[in-house]
Amino acid sequence: MHAVGVDIGGTKIAVGVVGDDGQILAKTRRPTHPEDPASIDAAIADAVAELAAEYEFRSIGLAAAGFVSADRERVLFAPNIAWREYPLAHKVAAAIGRDDVHVVVENDANAAGWAEFMYGPAKDAGSMVMLTIGTGLGGAIISDGALVRGSAGFAAELGHVRVVPDGHPCGCGHRGCWEQYASGSALVREAKRAASERSVRAAGLIRLAGGDPAAIKGPHVTEAAAEGDELGVELLHELGVWIGAGAASLSAVLDPEMYVIGGGVVAAGDMILGPAREAYSSHLPASGHRPLAPIVAASMGNDAGIVGAAALAREADQPGE
Ligand SMILES: [Zn+2]
């Protein structure tokens with residue numbers, strides 16, 4: 001049976017019909033008005049109606065960028081959308097107005113992780129950790145074949161594990177969170193810092209950003225590194241080390257079979273993953289006496305949220321199917 005996955009971000013809502021094999025059969029999108037939750041409910045219902053004209057489905061999974069309650073019905077808090085204790089599943093079901101469809105909510109990083117676990121590089125693994133490294137650092141943990149949601153739904157917020165006491169301030173209100181070192185934002189912050197010193201080493205990076213150090217973006221760093229620029233290579237190496245060293249600490253807790261890295265940084269490939277693997281190996285407790293979990297790139301791209309949310313919704317309705 002097909003299922004629908006909905007990926008609700010701060011700028012757009014992407015909606016797709018997904019088959020049993022994880023393939024997206026049809027896709028549509030709507031703009032998001034993050035300050036107006038009711039308009040998001042209506043936009044989802046409108047997109048679902050469009051897809052229902054051609055496809056049959058009974059399960060709808062909503063991937064939401066926020067803290068989702070353990071019963072998968074409410075978004076308790078979202079940093080970029082005005083959801084506060086918001087009964088999203090109920091509201092969307094009411095907007096759709098069909099008795100025969102069941103709606104569940106998942107955290108977006110969990111949904112993406114589930115897609116990689118079911119259909120991506122971890123499909124033969126029994127456990128994995130996914131790190132989605134874009135502007136921030138999102139996490140998903142799958143242990144013994146099940147998503148780890150935690151007692152209240154707050155598990156796997158890996159970006160907010162503290163790695164540096166009194167380190168850089170974080171949007172969560174604390175300091176030194178892993179996200180402040182292992183993310184695209186951290187990469188850009190460090191690149192701008194190096195460029196603002198106007199050292200000879202930063203000349204290549206500044207040129208790629210059109211001569212303005214303040215205009216440097218992540219892809220400029222990747223581009224510079226790909227051309228062999230020393231600073232670019234060093235910045236990506238540093239980011240990789242933060243990823244790998246943090247993963248080694250996670251292995252002390254979770255001992256997963258593999259790490260899957262998604263998000264924008266994947267574009268830099270082994271320029272980041274290589275240093276990440278080295279740092280992982282050298283920081284891993286009992287290294288040399290245990291299997292080294294592979295650190296691999298995600299394969300589902302931007303569709304992971306849709307595919308994972310649909311698969312989790314189907315699983316909730318038809319366990320084992
Ligand atoms: Zn934080």
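Residues numbered from 1 in each chain as written. Predicted model: local features only at pLDDT ≥ 70, side-chain atom pairs only at ≥ 80, totals over all residues. Heavy atoms only, no water.

Novice: Give me the sheet that holds strand S5 (residues 67-68): which residues, what numbers.
Specialist: The strand order S5-S6-S7 describes an open sheet built from 3 strands, whose pairing is antiparallel. The open sheet has two edge strands, S5 and strand S7 (84-86), and neither has a second partner. For S5 and strand S6 (residues 75-77), the ladder comprises 2 bridges, and the chain directions are antiparallel. Across the sheet, Val-68 pairs through a bridge with Val-75, a residue of S6. (Pairing = 2+ DSSP bridges. Helix = DSSP H or I, 4+ residues; strand = E, 2+ residues; numbered from the N terminus.)

Novice: I'd like to hear about the side chain of Ser-251, residue by residue, with values.
Specialist: Tracing the chain through its elements places Ser-251 in helix H7 (residues 230-254). Overall, the relative accessible area of 2% leaves Ser-251 in the buried class. In contact with Ser-251, not counting residues within four places along its chain, are Pro-256, Tyr-259, Tyr-280, Leu-284 and Arg-290. (Buried < 20%, exposed > 50% of the residue type's maximum accessible area, 1.4 Å probe, protein only. Contact = heavy atoms within 4.5 Å.)

Novice: Can you tell me about helix H1 (residues 37-52), naming the residues and giving the values?
Specialist: Over its 16 residues, H1 extends 23 Å from the first C-alpha to the last, a length consistent with the 22 Å expected when each residue adds 1.5 Å. Buried residues belonging to H1 abut strand S1 (3-8), strand S2 (12-18), strand S3 (24-31), strand S4 (59-64), S7 and helix H2 (88-96). (Expected span 1.5 Å × (residues − 1).)

Novice: So, the coordination of the zinc ion: which residues are in play, and what are the values?
Specialist: Within the protein, the zinc ion binds to His-160 (ND1), Cys-170 (SG), Cys-172 (SG) and Cys-177 (SG); these donor distances fall in the range 2.1 to 2.3 Å. Summarised as a motif, the one-chain spacing of the donors to the zinc ion is H-x9-C-x1-C-x4-C. With His-160 in the loop between strand S11 (146-147) and helix H4 (184-196) and Cys-172 in the loop between S11 and H4, this pair connects stretches of sequence that are 12 residues apart. Residue classification places His-160 among the partly exposed positions, given a relative accessible area of 31%. (Donors = N, O, S within 2.8 Å, 3.2 Å for Na, K, Ca; no water.)

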